[in-house]
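# Notes for the structure review
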Amino acid sequence: MKKKRKWPKYLLIAFLLLVIAGGVYIYSVYSDFTEAIDTMHSPVERESPSVERTEVVKFEDQDPFSVLLLGVDEREDDRGRSDTMVVMTVNPELNSSKMVSIPRDTYTEIVGRGKMDKINHAYAFGGIEMSMDTTENLLDIPIDYVVQVNMEGFEDIVDAVDGVEVNNSMAFDGFAAGDIQLNGEEALDFVRMRYEDPRGDFGRQDRQKQVIQGVMKKGASINSLWNYKDIFDALGQNVRTNMTFDEMVEVQRNYQDAVTNVEQMIVEDGTGETINGIWYYMMNDAELAEITSTLKEHLELEETQQ
């Protein structure tokens, strides 16, 4: 009979220490994550949304939902402007998301202000609430959630994931064409440039999308686990959302495939017009109607919304 081989005591101790250390690390990650989420969470109080739902979204039932992404250029002693406005709808049954970038100079009614103006001024006039109301009124769909990112702090988020790689379609202002690596400061300059781009705001939207996708890709990498604290700190300091921790967990659990399958909708048929010396972007009515219809159908609201 062969005797069973026993592990040396120091190996058993080392193994137990690894298990304990792993548990402490996982707890530390979870604790820091929930703390960051608590910091990010900011409830939105609106008296009467521009477009109201007939039923409340229930993540546990996998209801389709919408979210407004705001990239805000905050300034000292000034509320700032929404530099980026992106609307996303998510439908888990269709296993897809649809995303449309709204040109910042779009001429539309600023709900609650009683005037027509550039849509990005809604944030300056009335913050997140007025931005949501104005976007709802433009697209004629309910905006269920909002995520606000401080663009000045966006470079901290990029640096926290050790930079991003993008494919630059045109050389400009020190940025070479082709695949390039960007740190936080470079990424911020990269997404903000528009005057040297013949496509103007549309070219900038493409660059913003590339950087955001780069951040998501690096953030999801296993290597980011070693840098998780910097990432959580950057998110906690620069991101605000009315989505709770429990709701984020439900989205991760029930909507993961839909969120990663994104179809881009492009606004491109509008025209520029100068009014009282100020340039505005006039959306094409037919294109806007098509976008509205597509988003309503994706949210399963075509028959319920007027």
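Let us look at the structure shown here. (Residues numbered from 1 in each chain as written. Predicted model: local features only at pLDDT ≥ 70, side-chain atom pairs only at ≥ 80, totals over all residues. Heavy atoms only, no water.)

## Details of the nonpolar core
For clarity, the cut-off: Nonpolar core, defined: a set of buried Ala, Val, Leu, Ile, Met, Phe, Trp, Tyr and Cys residues in which side-chain atoms within 4.5 Å join the residues together. Residue burial is assigned from relative accessible area. The probe radius is 1.4 Å, only protein chains are included, and a residue is buried under 20% of its type maximum, exposed over 50%, and partly exposed in between. Counting from the N terminus, the helices are the DSSP runs of H or I reaching at least four residues and the strands are the DSSP runs of E reaching at least two. By definition in these notes, contact holds between two residues if any of their heavy atoms fall within 4.5 Å.
Residues Phe59, Phe65, Phe154, Val164, Leu182, Phe190 and Val211 are the most contacted members of the largest nonpolar core, which totals 41 residues. Take this core: its biggest share by element is 5 residues, from helix 3 (residues 151–160). Once residues lying within four places of it in the same chain are set aside, the contact partners of Val164 are Val158, Ile180, Gln181, Leu182, Val211, Gly214 and Val215. Val87, Leu139, Ile143 and Tyr281 belong to the second largest nonpolar core, which has 25 residues in total.

## Brief notes about the packing of helix 3 against helix 4 (residues 184–192)
We apply this condition: Throughout, an axis means a line fitted to C-alpha atoms (over the contacting stretch in the case of helices), and angles, computed between N-to-C directions, take values from 0 to 180 degrees. When describing relative orientation, an angle under 35 degrees is termed roughly parallel and one over 145 degrees roughly antiparallel, while 65 to 115 degrees is termed roughly perpendicular and anything else oblique. If you view the pair so one helix is near and one far, a crossing is left-handed when the near helix is turned anticlockwise from the far one by less than a right angle, and right-handed when it is turned clockwise. Just so you know the grouping, Ala, Val, Leu, Ile, Met, Phe, Trp, Tyr, Cys and Pro go in nonpolar, Asp, Glu, Lys and Arg go in charged, and all remaining residues, Gly too, go in polar.
Interaxial distance between helix 3 and helix 4 falls to 7 Å at its minimum, and their mutual angle equals 130 degrees. In terms of axis orientation, helix 3 runs oblique to helix 4. The two elements helix 3 and helix 4 meet at a crossing, and its hand is right-handed. Listed contacts from helix 4 to Met151, Glu152, Phe154, Glu155, Val158 and Asp159 of helix 3 are Gly184, Glu185, Ala187, Leu188, Val191 and Arg192. Tallied by class, the residues present in the contact of helix 3 with helix 4 amount to 6 nonpolar, 1 polar and 5 charged.

## Concerning the layout of surface pockets
Put simply, the test is: Site definitions follow a grid-based scheme: protein atoms alone, a 1 Å grid, a 1.4 Å probe that fits but cannot get out for cavities, and for pockets an open set with protein on both sides within 12 Å along at least five of seven lines, plus lining residues having an atom within 4 Å of a point. Grid points are joined across faces, edges and corners, and a volume is the space filled by probe spheres set on the points.
There is about 380 Å³ of room inside the second largest pocket. If you go around the second largest pocket, you meet 16 residues; those closest to its centre are Arg46, Pro49, Arg53, Ile143 and Asp144. The class makeup of the residues in the lining of the second largest pocket is 9 nonpolar, 1 polar and 6 charged.

## Looking at a negative patch on the surface
To keep it simple, the criterion reads: In this analysis, a patch consists of residues with relative accessible area above 30% that form no salt bridge, clustered at 9 Å for like charges and at 5 Å for the nonpolar side chains Val, Leu, Ile, Met, Phe, Trp and Tyr. Under the convention used here, a 1.4 Å probe and the Shrake-Rupley method define accessible areas, while residue burial counts only the protein chains that appear. The term salt bridge refers to a pairing of a side-chain nitrogen on Lys or Arg with a carboxyl oxygen on Asp or Glu at a separation within 4 Å. A positive count includes Lys and Arg, and a negative count includes Asp and Glu. His and the chain ends are not counted in either. Charged groups are reduced to one reference atom each: NZ for lysine, CZ for arginine, CG for aspartic acid, CD for glutamic acid.
Residues Glu35, Asp38, Asp156, Asp159, Asp162, Asp173, Glu185, Glu186, Asp189, Glu196, Asp230 and Asp233 make up a contiguous surface patch of negative charge. The set of elements that each furnish at least two residues to the negative patch consists of helix 1 (9–40), helix 3, helix 4 and helix 6 (228–238). Broken down by element, the negative patch gets its largest block of residues, 3 residues, from helix 4. Among the secondary structure elements, Asp159 is positioned in helix 3.

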